[in-house]
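Here is how the chains run, residue by residue.
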Amino acid sequence: MMEPLKNSSPHLNQKPTRFRFFILVLLFVATAINYMDRANLSVAGSTLQKELGLTSSQLGLLFSAFTWAYVFAQIPVGWLLDRIGPRRLYGWAIVLWSFFTLIMGLSTHHVFTTTTASFIMLLICRMLIGITEAPGYPSNTKIATLWFPNNERARATSIYSSAQYIGLAIFTPLLSLMVAKINWESVFYATGAVGIIFGIIWLILYRDPQNSKHVNKSELDYIKANGGYDSDQKQANNQKITFQEVLYVVKHRKVWGIFFAQFAAASTLYFFLTWFIVYLEQGLHLPIAKAGFIASLPYLMAMAGVLFGGFLSDSLLKKGVSLTAARKIPIVSGLIISSMICLANFFEDSPIIAVIILSIAFFANAYSNMGWVALGDVLPKKMVGTVGGILNVTGNLAGIISPIIFGTLLDKTHSFHWAMYYTSAVALLGGISFLLIIDKLEIIDLSKMKQNRH
């Protein structure tokens, strides 16, 4: 019994390593690649449509195939994440979605002689990419929960989440240039190859904290003492998760509050990912070239917003503010401020003012988008993957519902006004619900479930 004490004594004054920040770099790159492979079809879409002779309906179906498959896979993938852990699941997911991305480049008339065959090949690949990208955010959340203490977790989440906006800002022009100078197939070959290489690097380098050779005991103790991984984490991946436990957790009002806030934040986000450019053209009457240039401002503001939200929440915690308040302040204020997006309706004749309003709304939306952080604050660690999958379904339902509602309202009213009011109303209700429904953010105690049975 004395030997371990002697062996551990040299660590008492050992300076903690900071390997968790290298893990953050891996998460950042993985997220950027994730969104690069979501956006590459939209970049190549117009040229691909012309060369393969696809109809607009067929191209629209290709765009939607990813989201439907992605949502369908969330819950089973979350369960699998809790069973086998993020290293193998995430690593192989990156390799596989990148492989299917690369295969999309083969869907040409050089390989298939008919448009139908090429279309089916693209459709299957796009759905497979949706399925294999499903582990992305649940894995990110689980890894952040393991590697980062409470007072650093929101900041870490905001940093890797900002990669989605940086990826859209940087890679879209580069991929567009490849389409113009080479061909549309090169986009899929390049992005697929980059992802495969990084997936292999992930499998080589990533380990959970207790299994990493690059982290010392002082850093492990710091992470553990402040709410990161725990001593039972070695068995966490082998712990069974019952349906009764999942049901018990999702019945909590705080979980429902997080789910609705996630849906509200995602509703505004999907406006900017789908209808935004159309709104600039048709609502604000800007030519496409100018609209594309102006669109960069809200995306840059969103990148700043997602970083601001994480830093704000962690700073509040360091100042002694309660965990509940430190999460509510950015989420509630961000959703309420983003609800001002409808004010753009009154400035359609002043596009600059309207775009400034949109930029402020997207900034606030981005810093409110901390549903994953809040969920990590309340879930037992063994359930982050499973219930995180449900959260991801909730957010992506907004991506299915909101664009359809937008289109329906446009058809009915021939104006963006009511569509913008809808977006504002959902954001406002999301902020109010998070404020009122959630009483206290703390880990849900599964032992109370057993006590309730007796």
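Everything that follows concerns the structure shown earlier in this document.
Everything numeric in this text was worked out from a predicted model, so none of it was measured.

(A) Structural detail: the overall build of the protein chain. Helix and strand counts for the protein chain come out as 21 helices and zero strands. Counting across all 454 residues of the protein chain, residues that qualify as buried make up 54%. Contacts in the protein chain between residues at least 24 apart in sequence constitute 83% of all its contacts with a sequence separation of at least 6. On the protein chain, roughly 19,900 Å² of surface is accessible, and the fraction owed to carbon and sulfur atoms is 67%.

(B) View of empty space enclosed by the protein. Per the counting criterion, the structure on display carries three cavities of 30 Å³ or more. Of the pockets and cavities examined, the largest cavity occupies roughly 70 Å³. Lining the largest cavity, in full, are A154, T157, S158, S161, V306, G309, G310, A366, N369, M370 and V373. Broken down by secondary-structure element, the contributors of at least two residues to the lining of the largest cavity are α7 (150-161) and α15 (296-318). Among the elements that make up the lining of the largest cavity, the one with the highest residue count is α7 (four residues).

(C) The packing of helix α16 (residues 323-338) against helix α20 (residues 417-437), seen in detail. At their nearest, the axes of α16 and α20 sit 7 Å apart, and the two run at 160 degrees to each other. By the criterion of interaxial angle, the relationship of α16 to α20 is roughly antiparallel. Read as a crossing pair, α16 and α20 show a hand that is left-handed. On α20, the residues touching R327, K328, I331, V332, L335, I336 and S338 of α16 are A427, L428, G430, G431, F434 and L435.

(D) Spatial organisation of the pattern of salt bridges. Within this structure, the stated rule accounts for two salt bridges. Ionic pairing is found between R38 and E133, a salt bridge with its closest N-O pair at 3.1 Å. Of this pair, R38 sits in helix α2 (residues 19-52) while E133 sits in helix α5 (residues 115-133), and the two are 95 residues apart along the sequence. What makes R38 buried here is its relative accessible area of 16%. Ionic pairing is found between R327 and D377, a salt bridge with its closest N-O pair at 2.6 Å. Taken together, the positions of R327 in helix α16 and D377 in helix α18 (residues 371-378) put the pair 50 residues apart, joining distant regions of the chain. Both residues of the pair, R327 and D377, count as buried.

Cut-off values and rules
- Residues numbered from 1 in each chain as written.
- Predicted model: local features only at pLDDT ≥ 70, side-chain atom pairs only at ≥ 80, totals over all residues.
- Heavy atoms only, no water.
- Helix = DSSP H or I, 4+ residues; strand = E, 2+ residues; numbered from the N terminus.
- Buried < 20%, exposed > 50% of the residue type's maximum accessible area, 1.4 Å probe, protein only.
- Contact = heavy atoms within 4.5 Å.
- Areas by Shrake-Rupley, 256 points an atom, 1.4 Å probe, with all protein chains shown as cover.
- 1 Å grid on protein atoms, 1.4 Å probe; cavity = no way out; pocket = protein on both sides within 12 Å on 5 of 7 lines; lining within 4 Å.
- Points joined across faces, edges and corners; volume = space filled by probe spheres on them.
- Axes fitted to C-alpha atoms, helices over the stretch in contact; angles between N-to-C directions.
- Parallel < 35°, antiparallel > 145°, perpendicular 65-115°, else oblique.
- Left-handed = near helix turned anticlockwise from the far one by under 90°.
- Salt bridge = Lys/Arg side-chain N within 4 Å of Asp/Glu carboxyl O.

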